[in-house]
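Now for the letters of each chain:
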Amino acid sequence: MVKGIHCVELDKPVSDIWSFVSDMNNWAPLVPGYVSHQIIDDRHSVWIIHGDIGIMERTVTLNVEIVEYIETETIIFQMATSTETCKGEGYFEVEALNGTKSKMKGCLQVHIKGMIGTMVNPVLKTLIPKVGKDFTEKIAANIMDRETARATI
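Residues numbered from 1 in each chain as written. Predicted model: local features only at pLDDT ≥ 70, side-chain atom pairs only at ≥ 80, totals over all residues. Heavy atoms only, no water.

Draft legend 1. Broad picture of the pattern of salt bridges. A complete count under the given rule lists 6 salt bridges for this structure. Residues Asp11 and Lys101 are paired through a salt bridge, measuring 4.0 Å at the closest nitrogen-oxygen approach. With a gap of 90 residues between them, Asp11 in the loop between strand 1 (2-10) and helix 1 (14-21) and Lys101 in the loop between strand 6 (86-96) and strand 7 (102-112) connect regions that are remote in the sequence. With relative accessibility at 27%, the residue Lys101 sits in the partly exposed group. For Lys105, the salt bridge identified is with Glu93, shortest N-O distance 3.8 Å. Within this pair, whereas Lys105 is found in strand 7, its partner Glu93 is found in strand 6, the two being separated by 12 residues in sequence. Within the structure, one salt-bridge network assembled from shared partners comprises Glu9, Asp11 and Lys101. (Salt bridge = Lys/Arg side-chain N within 4 Å of Asp/Glu carboxyl O. Helix = DSSP H or I, 4+ residues; strand = E, 2+ residues; numbered from the N terminus. Buried < 20%, exposed > 50% of the residue type's maximum accessible area, 1.4 Å probe, protein only.)

Draft legend 2. Quick look at the packing of aromatic side chains. Applying the stated criterion across every chain, the model contains 7 aromatic pairs. Centre to centre, the rings of Trp27 and Trp47 are 5.7 Å apart; their planes meet at 75°, and the pair counts as edge-to-face. Residue Trp27 is found in helix 2 (residues 24-27), and its partner Trp47 is found in strand 3 (residues 44-53); the two are separated by 20 residues along the sequence. For the residue pair Trp27 and Trp47, the accessibility class agrees, reading buried in each case. Arranged with centres 5.5 Å apart and planes meeting at 40°, the rings of Trp27 and Phe77 form a pair that is tilted. One end of the pair, Trp27, is in helix 2; the other, Phe77, is in strand 5 (residues 74-80), and 50 residues separate them in sequence. Residue Trp27 is classed as buried on the basis of its relative accessible area, which comes to 1%. Judged by its relative accessible area of 3%, Phe77 falls in the buried class. Taken together through their ring pairs, the aromatic side chains of Trp27, Trp47, Phe77, Phe92 and Phe135 make up a single cluster. (Phe/Tyr/Trp six-rings, centres within 6.5 Å; stacked < 30°, edge-to-face > 60°.)

Here it is in structure tokens:
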């Protein structure tokens, strides 16, 4: 599996970060290539993602499952296409650095099987770390913007 991990420090307490990342409706639309998502229950959802990897472009449906949820600390998820040709997993970890500053770590791992995987996995080695970083940075920016918007209301 190809892995991308990125950490950001935020001038926010853990509770502010957790209130954002604990609701998949907040971060699903920030996934690169996001088209839509549907919540099935508190642990399962279906996402439609449009991917463009060089000469290959495809829209995929991913089944996403929250496999572990440790309040205010960690969310671990798995994802796969219905044929399991594309599988992945990821997590968010939140850690208090002090009363008003926290660290958030985002991780994304993806693997594509079969003939397509033979062609695409080498490209993913450079793409997934960038996607993981961009995704984590978007979440951090949204957390900061969310608090700024509340302050101006």
